Amino acid sequence: MNICQKCHTLNPDLAIHCQKCRAALLPPVIPQHLREEVDFLLDDDQLERISSLEFNLKTSRKDLEELVDYLEKQFFNNLHLTITVEKLLRELTRRGVIDSRKIKRQVRRKIRGQLFGFSQRQDLMERLGSVVACYRGDAPKKFRTLMDQAVPFLYTSNHKKGIQLLHLALKLDPDNIPLLRILAEIYFLLGQYSSSRRLLNNVARLAPGDVAAILLNGMILLKMGHYQAARELLERACGSVPSLFSASFLLGVACFLNSDFPGAAQAFRKAYGSNPLPQLSMLSAMAFCLDNSPRKAAIPRRDQAELQETGFFHFLRGLISRQAKQPTRAEQHFQQAIHRDRRWQQVIQKLDPQNPDKSRQLQFRIFISRLHREMEELMGLLISEIQNYPS
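Residues numbered from 1 in each chain as written. Predicted model: local features only at pLDDT ≥ 70, side-chain atom pairs only at ≥ 80, totals over all residues. Heavy atoms only, no water.

Another point: the overall build of the protein chain. Counting its regular elements, the protein chain contains 19 helices and two strands. Element-wise, carbon and sulfur atoms account for 53% of the exposed surface of the protein chain, whose accessible area totals about 23300 Å². (Helix = DSSP H or I, 4+ residues; strand = E, 2+ residues; numbered from the N terminus. Areas by Shrake-Rupley, 256 points an atom, 1.4 Å probe, with all protein chains shown as cover.)

So, in structure tokens, the structure goes:
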């Protein structure tokens, strides 16, 4: 059968015009052995259309193959460039020529206007369906128009316009939980934690058990330095979804910052069970080290291969070996740390075994700095998991 592209009526295979609307039908697919018998039914214009379609199809296929080939080359070029730049930054930082952290901060400021990456844009477009579905007002058309107008602005540096449009949409439906969550996430990404918390408080009023809102609120409290309040919230989240990676990880951070090192180590190991990232083994080892439990601070061999390239890993292993009364091994690890980054030499010299309290304070400051760094490195994963958690 030949389907009309205009009214979708089924027509006989060899029909030239639609029986219902009389529109010209696209040439049907004709088996090769029947082509000669059918040619006389088609006039010159239609035969020309067929030839044109066949030519365009071949050209499109060729263009597509060239595009795929180009994208593959670009991917491998970008991958090679990224690895090369990372190695250069690491080596120049180790030699004291540049400060890679300063460069990363400058890059972040440069792209700060871009709120969403490609995958987050795709997720946001999908989440808009639930926002519209939850609308309970009397102006659904206006609400949908505001949503459609807001989203494109969020993908550019002109995100303030997009936020204004989302607030106009929120006025039409102040109790729309998915929209409240999206706005709270945007303010979090912008670093406007107070504005984000105001929206999350509305979510808590409407849905006290909303796990995503609790996690985001807990993360904001950690950023603001309210560690005990953050811990209480995150314990609630872990009680609701004990297998969720972000809940266990953030609870581990809160426990660590509250100096509950056994609780932190347990939470990090629980997060490792949900997502076996090597840095989680290191974080739990840090907690056990501060708890003076060197036997529990062992890092699995499968994680050491990735971690041992950093000076911090060997510094940590040196501290653990020193606690375990293994001075020779401790010295070996300290030398490995210095070999990878000379700045560790000054730090290690300040670790005075004769003054354990002073050394412990120094370790705690270094570990806190590393904890915040690892949290920032995992921020994309944490935000993605919170965004994708169902309302």
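This part takes up the packing of aromatic side chains. For the structure on display, the rule yields twelve aromatic pairs. An angle of 75° between the planes, with centres 5.9 Å apart, marks the rings of Phe312 and Phe367 as edge-to-face. Here Phe367 lies in helix H18 (residues 356-377) and Phe312 lies in helix H15 (residues 311-323), a separation of 55 residues in the sequence. Take Phe312: its relative accessible area is 3%, and that puts it in the buried class. Aromatic side chains Phe315 and Phe334 sit 6.2 Å apart centroid to centroid with 40° between the ring planes, which places their arrangement in the tilted category. Of the two residues, Phe315 sits in helix H15 while Phe334 sits in helix H16 (residues 327-340), which places them 19 residues apart along the sequence. A residue is classified by how much of its surface remains accessible, and Phe334, at 2% relative accessible area, is buried. Cluster of aromatic residues (ring-pair linked, three or more members): Phe312, Phe315, Phe334, Trp344 and Phe367. (Phe/Tyr/Trp six-rings, centres within 6.5 Å; stacked < 30°, edge-to-face > 60°. Buried < 20%, exposed > 50% of the residue type's maximum accessible area, 1.4 Å probe, protein only.)

Within the largest apolar cluster, 99 residues are counted, with the highest numbers of intra-cluster contacts made by Met219, Phe249, Phe256, Phe315, Leu316 and Phe367. Counting residues in hydrophobic clusters, the runner-up holds five residues, among them Ala15, Cys18, Ala23 and Leu25. (Core = buried A, V, L, I, M, F, W, Y, C linked by side-chain atoms within 4.5 Å.)

A positive phi is found at Arg22, a non-glycine position, where the angle reads about 65°. Structurally, Arg22 is set in the loop between strand E2 (10-11) and helix H1 (35-39). Of note, the phi angle at Lys325 is positive, near 60°, even though the residue is not glycine.

A cluster of nonpolar side chains, namely Leu64, Leu67, Val68, Tyr70 and Leu71, defines an oily patch on the protein surface of about 480 Å² accessible area. Here Leu71 shows up in helix H2 (residues 44-94). (Patch = residues over 30% accessible without salt bridge, like charges linked within 9 Å, V, L, I, M, F, W, Y side chains within 5 Å. Salt bridge = Lys/Arg side-chain N within 4 Å of Asp/Glu carboxyl O.)

Before going further, it helps to spend a moment on the side chain of Asn217. Structurally, the position occupied by Asn217 is in helix H9 (residues 211-224). Judged by its relative accessible area of 8%, Asn217 falls in the buried class. Beyond its immediate chain neighbours, meaning those up to four positions away, Asn217 contacts Arg197, Leu200, Asn201 and Leu233. (Contact = heavy atoms within 4.5 Å.)

What follows deals with the confidence of the model for the protein chain. In the predicted model, the protein chain carries a mean pLDDT of 83, and 85% of its residues have values of at least 70. Across the protein chain, helix H11 (residues 245-257) holds the top mean pLDDT of 95, while H1 sits lowest at 55. Below a pLDDT of 50 lies the segment residues 110-114, which in the model reaches nine contacts outside its immediate sequence neighbourhood of four places, other chains included. (pLDDT = per-residue confidence, 0-100.)

Turning to the layout of surface pockets, a few remarks are in order. The calculated volume of the second largest pocket comes to roughly 330 Å³. As for the second largest pocket, its lining consists of 13 residues, and the residues nearest its centre are Arg322, Gln323, Pro356, Ser359 and Gln363. Sorting the residues of the lining of the second largest pocket by element identifies H15 and H18 as the ones contributing at least two each. Looking at the lining of the second largest pocket element by element, the count peaks at four residues for H18. Grouping the amino acids of the lining of the second largest pocket by side-chain chemistry returns five nonpolar, four polar and four charged. (1 Å grid on protein atoms, 1.4 Å probe; cavity = no way out; pocket = protein on both sides within 12 Å on 5 of 7 lines; lining within 4 Å. Points joined across faces, edges and corners; volume = space filled by probe spheres on them. Nonpolar A, V, L, I, M, F, W, Y, C, P; charged D, E, K, R; others polar.)

Before going further, it helps to spend a moment on the pattern of salt bridges. Oppositely charged side chains can form a pair if their charged atoms are brought close together. Here the structure, examined in full by the defined rule, presents eight salt bridges. Lys223 is the salt-bridge partner of Glu376, the closest N and O atoms lying 2.2 Å from each other. Here Lys223 lies in helix H9 and Glu376 lies in helix H18, a separation of 153 residues in the sequence. Using a relative accessible area of 30% as the deciding quantity, one classes Lys223 as partly exposed. Across the pair Glu374 and Arg370 runs a salt bridge whose closest N-O atoms are separated by 3.1 Å. Placement of both Glu374 and Arg370 in helix H18 is noted, with a separation of four residues, approximately one turn of the helix. Judged by its relative accessible area of 6%, Glu374 is buried. A relative accessible area of 11% means that Arg370 is categorised as buried.

At their nearest, the axes of H15 and H18 sit 13 Å apart, and the two run at 145° to each other. In terms of crossing hand, the pair formed by H15 and H18 is left-handed. On the side of H15, the interface is formed by Phe312, Phe315, Leu316 and Leu319, while H18 contributes Gln363, Ile366, Phe367 and Arg370. Across the contact of H15 with H18, the residue classes tally to six nonpolar, one polar and one charged. (Axes fitted to C-alpha atoms, helices over the stretch in contact; angles between N-to-C directions. Left-handed = near helix turned anticlockwise from the far one by under 90°.)

Among the secondary structure elements, Val211 is positioned in helix H9. As for Val211 and Leu234, which are separated by 23 residues in sequence, their C-alpha atoms are 9.3 Å apart. Every residue in contact with Val211, bar those within four places of it in the chain, is listed here: Ser240, Val241, Leu244 and Tyr389.

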